[in-house]
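So you can see what is in the structure, the chains are spelled out below.
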Amino acid sequence: MYCGRFAPSPTGPLHFGSLVAATASFLEARANCGEWLVRIEDVDRSRCRPHYASQILTTLEGFGFSWDGPVVYQSDRDEIYAAAIERLGDRVYACSCSRGEEHRRGCDLSKPVRSWRFSSVADEDFILRSATGGFYSYQLAVVVDDEAQGVTHVVRGADLESSTPRQAELQQALGYRALAYWHFPLALGADGAKLSKQNAAPGIELEDASRQLWRALRFLGQSPPVEVEGAALGEIWAWAIGAWRRP
Ligand code: GLU
């Protein structure tokens, strides 16, 4: 059974880049007769705002996305992340290095502890929990939640590709299943468009949903026929699910 997901961080309204990520993961899931889940990645409360979470969900609904099962909020799940850290046992150690400092193992623990790190075999050691904010890290939360929600396939932008080896190593250390990943290139686009911070960042308006969805499909290398341009959302989706091919 295929299970995909879209996992936005509510640090702002849904922008074009996140619409593309939602569209790619949704179409992969539906084209594989799979489930598609939505998870709000608000683990870092210093950067996330609840009103953006509800705004993102309203925008997704307005675009015609439908998800299976309840939306999961990472801010509700601290105890589950704490249990995962316990389970990692001696692969976790306390660290006093500050963000600016170059990290090294065996740092001076007479200084205040700033984080707990995972001792990695494949990569640099990375943070599982910050002591200063008390927040669990994205790497830990995403791995724990993908397992808990039964996700099988992760579809996301190539900007997150460098996190995948870390997440795979954590999955292994926790005795979880391995997942399948597809990172869509950030420069695709029938019109040669590149998804950069500049052209992805403005919030998208629901009044303009058909045109934005059309743009997202073009960006993902799909070739919707002219008749579909300017059509109702339902018609665009029907075409897109039937015609979807990974670029
Ligand atoms: N929450 C992450 C973001 O909004 C995405 C995480 C993921 O897809 O693994 O960038």
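Residues numbered from 1 in each chain as written. Predicted model: local features only at pLDDT ≥ 70, side-chain atom pairs only at ≥ 80, totals over all residues. Heavy atoms only, no water.

A. Highlighting the pattern of salt bridges. Under the criterion given, the structure shown has 12 salt bridges. Among the salt bridges present, the one from Glu 169 reaches Arg 91, with a minimum N-O distance of 3.2 Å. With a gap of 78 residues between them, Glu 169 in helix 5 (residues 164–173) and Arg 91 in the loop between helix 3 (78–88) and strand 4 (92–95) connect regions that are remote in the sequence. By relative accessible area, Glu 169 is classed as buried at 9%. Salt bridges sharing partners connect three or more residues here, namely Arg 5, Arg 39, Glu 41, Arg 77, Asp 145 and Asp 146. (Salt bridge = Lys/Arg side-chain N within 4 Å of Asp/Glu carboxyl O. Helix = DSSP H or I, 4+ residues; strand = E, 2+ residues; numbered from the N terminus. Buried < 20%, exposed > 50% of the residue type's maximum accessible area, 1.4 Å probe, protein only.)

B. Structural context of the site of the ligand. Taken together, Arg 5, Ala 7, Pro 8, Ser 9, Glu 41, Tyr 138, Val 142, Arg 156 and Leu 160 make up the full set of residues near the ligand. In this structure, Arg 5 approaches the ligand through a side-chain N or O atom, which is 2.6 Å from an oxygen atom. At 2.9 Å, a side-chain N or O of Tyr 138 approaches an oxygen atom of the ligand. Bound to the protein, the ligand loses 76% of the 300 Å² it would expose on its own. Applying the majority rule of atoms within 2 Å of the grid points places the ligand in the largest pocket. Of the residues that constitute the shell around the ligand, the class distribution is five nonpolar, one polar and three charged. (Near = heavy atom within 4 Å. Polar contact = N/O pair within 3.5 Å; in protein donor to acceptor, adjacent residues only side chain to side chain. Areas by Shrake-Rupley, 256 points an atom, 1.4 Å probe, with all protein chains shown as cover. 1 Å grid on protein atoms, 1.4 Å probe; cavity = no way out; pocket = protein on both sides within 12 Å on 5 of 7 lines; lining within 4 Å. Sits in = over half its atoms within 2 Å of the grid points. Nonpolar A, V, L, I, M, F, W, Y, C, P; charged D, E, K, R; others polar.)

C. Structural context of the nonpolar core. Counting residues in each nonpolar core, the largest one holds 40 residues, and the members touching the most others are Phe 16, Val 20, Trp 36, Leu 60, Phe 65 and Phe 184. No other element matches helix 1 (residues 16–31), which puts nine residues into this core. Excluding its chain neighbours within four sequence positions, the residues that come into contact with Phe 65 are Leu 19, Ala 22, Thr 23, Phe 26, Trp 36, Leu 60 and Trp 237. Counting 18 residues, the second largest nonpolar core, distinct from the first, contains Val 92, Ala 141, Val 142 and Leu 174. (Core = buried A, V, L, I, M, F, W, Y, C linked by side-chain atoms within 4.5 Å. Contact = heavy atoms within 4.5 Å.)

D. A look at the packing of aromatic side chains. Across all of its chains, the model carries 11 aromatic pairs by this definition. Ring geometry for Phe 26 versus Phe 65: centroids 5.3 Å apart, planes at 75°, classification edge-to-face. One end of the pair, Phe 26, is in helix 1; the other, Phe 65, is in the loop between helix 2 (50–62) and strand 3 (72–73), with 39 residues separating them in the sequence. The exposure class assigned to Phe 26 is buried, which follows from its relative accessible area of 4%. With 5.3 Å between their ring centres and 45° between their planes, Phe 118 and Phe 126 make a pair best called tilted. You'll find Phe 118 and Phe 126 in the same group, each marked buried. Lying across the ring of Phe 16, Arg 215 places its NZ or CZ 4.0 Å from the centre. (Phe/Tyr/Trp six-rings, centres within 6.5 Å; stacked < 30°, edge-to-face > 60°. Lys NZ or Arg CZ within 6 Å of the ring centre and 35° of its normal.)

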